Amino acid sequence: MRVLGGNEEITLTGPANISRRRGVWSIRGHDLSHAMASTNDLEVRADTALTVSDEKGRTYKGFIRCVADTDPPRADFSVINVVDMNEYIPGVLAGELYEGWHDATFEAQAIAARSYAAYECEHRKSRSWDVLDTPASQVYVGIPTWKQAGRCAKATEGLVLTWKGDIIPGYFSSCCGGRAATAEDAVGPNPINKIPPLRGHGGIAKCVDAPKYRWSDGWDADRVGRAIRAWGRRSGQKDVASLGTIKSIRPTDPNKHGRPTHLDIIARNTTVTIRCVDLPGVFSEANLKMLSSGWVGGDVFKGKITMNGRGFGHGVGLCQYGAESMASHGSASRKIIKFYYPDVNITQAW
Ligand SMILES: [Zn+2]
């Protein structure tokens, strides 16, 4: 294994134990030159795949960059896997889907995920990385431990979603609850999110057999109230910050597919309206049990709010459970893609 930085290079046998303190790199057991210790960027390369010994313990193709976090300094450094798109996509399929689902589902997911990543690569500005390996972007597990992911990535190699010649972000979620969100409502008001392929599918629900198609779950009502007020304070919404004891939550303001876009939070003193898309984040920031979707409604009874919800995730674009249902009824990946991204083109980009 080689570690490169500041125009210097050292060769190691065995693992490289890299740390960074007060702007200086160190590698256990090695004296680094000043140029190497004080650079912002180390590269770790090897002739074989690299295993990163964090809590995930995953193995990666390509190489690893360790980049100092300078602005803002969230941690000492970021660990970035620099990897070819063809070797990245199998690790997304293995992170996002279940082994044994139909190949057509994997192929549709590969086209969506490749488009999402390619779009992020094209539009990255000041960050040192393109995508996270979590659901905040799309889950990526490095080299998959099973073969279907690699095979289905290969079968769709270079295929991306385009609109008027441009690659578009292939948003997807686990289960749309039967009615799609639009990217404009659920992701943001960028012009790209207003194009027809990202306005959501029509037609009948395909994901009715998904475990989270409809769900019901309970939370302590006081804690939910505190979480919503704290978010109101953080985001400068005075009416939300001063919300009284919550009585109920009601979905409202449906989009053209019939999926609500907002929630009325009905409290003893007032009613405030928030966006559906904000509520799961409010729950996670307050360390409450995960809220699977912002499409919810519920009432408080004896200090507990019981929520009835639909779907899992933001509900924009491809619905993974719906795709698997279509595949199990014989649909090919292109048909699945055309259903979830109306009027989109599938283009061979490389
Ligand atoms: Zn769905």
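Everything numeric in this text was worked out from a predicted model, so none of it was measured.

Chemist: Help me understand the domain arrangement of the chain, please; the structure alone is not making it clear to me.
Modeler: By a widespread convention, an interface's size corresponds to the accessible area lost as its parts come together. Domain boundaries in the chain define domain 1 (2-82), domain 2 (85-209 + 314-348) and domain 3 (214-310). The interface of domain 1 with domain 2 comprises nine residues on the first partner and six residues on the second. If you list the elements that add at least two residues to the side of domain 1 that touches domain 2, you get strand 7 (59-60) and strand 9 (77-82). Each residue belonging to the side of domain 1 that touches domain 2 can be placed in one class, and the counts come to four nonpolar, three polar and two charged.

Chemist: Can you walk me through the environment of Ile 168 in this structure?
Modeler: Examined against the element boundaries, Ile 168 turns out to sit in the loop between strand 11 (166-167) and strand 12 (172-173). The exposure class assigned to Ile 168 is buried, which follows from the 25 C-beta atoms found within 10 Å. The spacing of Ile 168 and Ile 192 is 24 residues in sequence and 7.4 Å in space, taken between C-alpha atoms. Setting aside its immediate chain neighbours within four residues, Ile 168 contacts Ser 115, Tyr 119, Leu 161, Thr 162, Trp 163, Ile 192, Ile 195, Pro 197 and Leu 198.

Chemist: It is not clear to me how helix 2 (residues 85-96) should be interpreted in this structure. Could you clarify?
Modeler: For helix 2, with twelve residues, the first-to-last C-alpha span of 16 Å sits near the 16 Å given by 1.5 Å per residue. Those residues of helix 2 not exposed but buried are Tyr 88, Ile 89, Pro 90, Gly 91, Val 92, Leu 93, Ala 94 and Glu 96. Each element contacted by the buried residues of helix 2 is listed here: helix 3 (103-123) and helix 4 (147-155).

Chemist: I would appreciate a short explanation of the sheet that holds strand 8 (residues 63-68) in the present structure.
Modeler: What holds strands together in a sheet is hydrogen bonding between their backbones, with the strands either parallel or antiparallel. A sheet is described by the order of its strands in space; here five strands give the open sequence 2-1-5-8-9, paired in antiparallel fashion. The sheet terminates laterally at strand 2 (8-11) and strand 9, the two strands that pair on one side only. Put simply, the sheet's adjacent strands are angled 20° from each other on average, direction ignored. Bridge analysis of strand 5 (residues 41-45) against strand 8 gives four bridges, and the strand direction is antiparallel. Bridging across to strand 8, Glu 43 finds its partner in Arg 65.

Chemist: Mind showing me how you'd approach the sheet that holds strand 13 (residues 214-220) here?
Modeler: Read from one edge to the other, the open sheet built from six strands follows the order 13-18-17-14-15-16, with strand pairing classed as antiparallel. Bordering the open sheet on either side are strand 13 and strand 16 (271-275), each of which pairs with just one other strand. When the angles between neighbouring strand axes are averaged without regard to direction, this sheet yields 20°.

The rules behind these values
Residues numbered from 1 in each chain as written. Predicted model: local features only at pLDDT ≥ 70, side-chain atom pairs only at ≥ 80, totals over all residues. Domains from an automatic or database assignment. Contact = placed C-beta atoms within 7 Å. Helix = DSSP H or I, 4+ residues; strand = E, 2+ residues; numbered from the N terminus. Nonpolar A, V, L, I, M, F, W, Y, C, P; charged D, E, K, R; others polar. Buried ≥ 20, exposed ≤ 12 C-beta atoms within 10 Å, placed from the backbone. Expected span 1.5 Å × (residues − 1). Pairing = 2+ DSSP bridges. Axes fitted to C-alpha atoms, helices over the stretch in contact; angles between N-to-C directions.

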